Amino acid sequence: MTTTEQELQQCDVTLDDIYKAFGKQKKHYATRLKHAFLEHHIETIDDLMAFSINDFQEMHGIGSETLRLMIKKLNGLGIDYYPAKCRR
């Protein structure tokens, strides 16, 4: 296991935490992510971090704004998308 994987596991952040971080006003973005994640078998934060920004942009329903907000929400949860690491 690499240091990055160890750091991410220590975060204890789940995909549900990301969905919840969008709140009620931005819930449709969380729904888009959830559907794209299911379609591409993304089940954990480690799975998510294995995808590049370009991979996400090619997914159905994921546009630049959804991607921007996902990275912002990850950051708010203590995860830097690139480079992948936990700040906790």
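Residues numbered from 1 in each chain as written. Predicted model: local features only at pLDDT ≥ 70, side-chain atom pairs only at ≥ 80, totals over all residues. Heavy atoms only, no water.

A closer look at the overall build of the protein
Here comes step 1: Broken down by element type, the protein carries six helices and two strands.
Here comes step 2: Sequence-ordered secondary structure for the protein, helices as α and strands as β, is α-α-α-α-α-α-β-β.
Here comes step 3: Looking at the 88 residues of the protein, the share that counts as buried comes to 36%.
Here comes step 4: By sequence separation, contacts in the protein at least 24 residues apart represent 61% of the contacts at least 6 residues apart.
Here comes step 5: For the protein, the exposed surface amounts to about 5600 Å²; the carbon and sulfur share of it is 48%. (Helix = DSSP H or I, 4+ residues; strand = E, 2+ residues; numbered from the N terminus. Buried < 20%, exposed > 50% of the residue type's maximum accessible area, 1.4 Å probe, protein only. Contact = heavy atoms within 4.5 Å. Areas by Shrake-Rupley, 256 points an atom, 1.4 Å probe, with all protein chains shown as cover.)

Details of helix α3 (residues 27–39)
Here comes step 1: For α3, built from 13 residues, the straight-helix expectation of 18 Å at 1.5 Å per residue is met to within 8% by its first-to-last C-alpha distance of 19 Å.
Here comes step 2: Looking only at α3, the buried set comprises Y29, A30, L33, A36 and F37. End-on view of α3: buried residues confined to an arc of 130°, all on one side of the axis. Seen from the buried face of α3, the exposed residues on the opposite side, beyond 90 degrees, are K27, H35, L38 and E39.
Here comes step 3: Next to the buried residues of α3 lie α2 (15–21), α4 (45–49), α5 (53–57) and α6 (64–76).
Here comes step 4: Once α3 ends, the next one or two residues include H41, with phi positive near 60°. (Expected span 1.5 Å × (residues − 1). Arc of directions from axis to C-beta.)

Section: α6
Here comes step 1: For α6, which comprises 13 residues, the first-to-last C-alpha distance of 18 Å matches the rise-based estimate of 18 Å (1.5 Å per residue) to within 8%.
Here comes step 2: When we look at burial in α6, the residues that qualify are T66, L67, L69, M70 and L74. For α6, the arc enclosing every buried residue in end-on projection is 165°, short of the 170-degree limit, so these residues lie on one face. For α6, the exposed residues lying more than 90 degrees away from the buried face are S64, K72 and G76.
Here comes step 3: In this structure, the buried side of α6 is in contact with α2, α3, α4, α5 and β1 (79–80).
Here comes step 4: G78 lies just past α6 and shows a positive phi near 95°.

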